[in-house]
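Letter by letter, the chains look like this.
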Amino acid sequence: MARYIMVIDTRRCVGCMDCVVACKTENNIPEGYTRDWITETVRGKFPTTSLEIRTERCNHCANPPCVSCCPTGASHVHERGGVVLVNKEECIGCKACLAACPYDARYIHPDGYADKCTFCIHRVEKGQLPACVSVCPTRCMHFGDADDPSSEVSQLLASRPQHTLLPEAGTKPRIYYLT
């Protein structure tokens, strides 16, 4: 059984937003909504500052609070790869999952259900990469099985320091940012 993760090299991301456009196109995201976005974080104090540009989305947590709070079971962990998904037919749009997500990674679709990044599981199940990864011009985004020691993502994690977002939340995020 795979355990899908994403590894993003913050030294290579230039904030071009190709990943955002690819996601919107691939998943037919309505105008004014998004499943992923670009952020910039400045650290340090002048004159020794650093800038981190990164693409963010649902972290497909190993301990997802959005799943445990869902009253209908619409938010669930997919049996293949541990991807956190929403069954739009079961979702009642109560917004409990939006409140529970520390990453602000969900929104209510105009049709009334919670929506979010799916790691393009429909593509992955066909042997393709998520749309965002496949279009990245700087190749800063990597996707694969963390349980396979020979996978690119496992090798990247072993080779460089990395961090996750809000580790103190206890969600065990599955998106890693190489520093």
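Caption draft 1: The overall build of the protein chain, seen in detail. In terms of helices and strands, the protein chain carries six helices and ten strands. Against the globule reference of 16 Å for 179 residues, the protein chain gives a C-alpha radius of gyration of 16 Å, in line with a compact fold. Classification of the 179 residues of the protein chain by burial places 49% in the buried group. The long-range share in the protein chain, meaning contacts at least 24 apart out of those at least 6 apart in sequence, stands at 56%. Of the side-chain charges in the protein chain, 20 are positive and 20 negative, and the distance between the mean point of each set is 4 Å.

Caption draft 2: The arrangement of the layout of surface pockets in detail. In this structure, the largest pocket encloses a volume near 280 Å³. Every element with two or more residues in the lining of the largest pocket is listed here: β5 (84–86), β7 (114–115) and α4 (121–124). For the lining of the largest pocket, the residue count by class is seven nonpolar, five polar and four charged.

Caption draft 3: Molecular detail of the packing of aromatic side chains. Per the counting criterion, the structure on display carries three aromatic pairs. Measuring from ring centre to ring centre gives 5.1 Å for F119 and F143, while their planes differ by 75°; the resulting arrangement is edge-to-face. Pair noted here: F119 is in the loop between β7 and α4 and F143 is in strand β8 (residues 141–145), with a separation of 24 residues, a long-range link. Here F119 and F143 have matching classes, each one buried. Across the ring face of Y177, the terminal group of R54 is positioned such that the distance to the ring centre comes to 5.8 Å.

Caption draft 4: Broad picture of helix α6 (residues 152–159). For α6, the complete set of buried residues consists of V153, S154 and L156. With its buried residues spanning 165° around the axis, α6 presents them on a single face. The outward face of α6, more than 90 degrees from its buried face, is lined by the exposed residues A158 and S159. As for α6, its buried residues are in contact with β1 (4–9), β8 and β10 (175–178).

Caption draft 5: Highlighting the sheet that holds β8. Pairing is mixed across the open sheet formed by four strands, whose spatial order is β8-β1-β10-β9. Only two strands of the sheet have a single partner each, and these edge strands are β8 and β9 (162–163). Here β9 pairs with β10 via two bridges, running antiparallel. Looking at β10, one finds that H163 is bridged to Y177. Contacting β1, β8, β9 and β10, α6 crosses the sheet at an angle of about 115° to β8.

Caption draft 6: Inspection of the nonpolar core at higher detail. Y4, M6, I8, F119, M141 and F143 are the most contacted members of the largest nonpolar core, which totals 28 residues. Secondary-structure elements contributing two or more residues to this core are β1, α1 (18–27), α4, α5 (131–135), β8 and β10. Among the elements that take part in this core, β1 stands out by supplying three residues, more than any other. Discounting chain neighbours no more than four positions away, the residues touching Y4 are R80, G81, V83, F119, I121, V124, F143, G144, D145 and R174. In terms of nonpolar packing, the next biggest core, distinct from the first, is built from eight residues, A74, C91, Y113 and A114 among them.

Rules and cut-offs
- Residues numbered from 1 in each chain as written.
- Predicted model: local features only at pLDDT ≥ 70, side-chain atom pairs only at ≥ 80, totals over all residues.
- Heavy atoms only, no water.
- Helix = DSSP H or I, 4+ residues; strand = E, 2+ residues; numbered from the N terminus.
- Rg over C-alpha atoms; globule rule 2.2 N^0.38 Å.
- Buried < 20%, exposed > 50% of the residue type's maximum accessible area, 1.4 Å probe, protein only.
- Contact = heavy atoms within 4.5 Å.
- Lys, Arg positive; Asp, Glu negative; His and termini not counted.
- Charge placed at Lys NZ, Arg CZ, Asp CG, Glu CD.
- 1 Å grid on protein atoms, 1.4 Å probe; cavity = no way out; pocket = protein on both sides within 12 Å on 5 of 7 lines; lining within 4 Å.
- Points joined across faces, edges and corners; volume = space filled by probe spheres on them.
- Nonpolar A, V, L, I, M, F, W, Y, C, P; charged D, E, K, R; others polar.
- Phe/Tyr/Trp six-rings, centres within 6.5 Å; stacked < 30°, edge-to-face > 60°.
- Lys NZ or Arg CZ within 6 Å of the ring centre and 35° of its normal.
- Arc of directions from axis to C-beta.
- Pairing = 2+ DSSP bridges.
- Axes fitted to C-alpha atoms, helices over the stretch in contact; angles between N-to-C directions.
- Core = buried A, V, L, I, M, F, W, Y, C linked by side-chain atoms within 4.5 Å.

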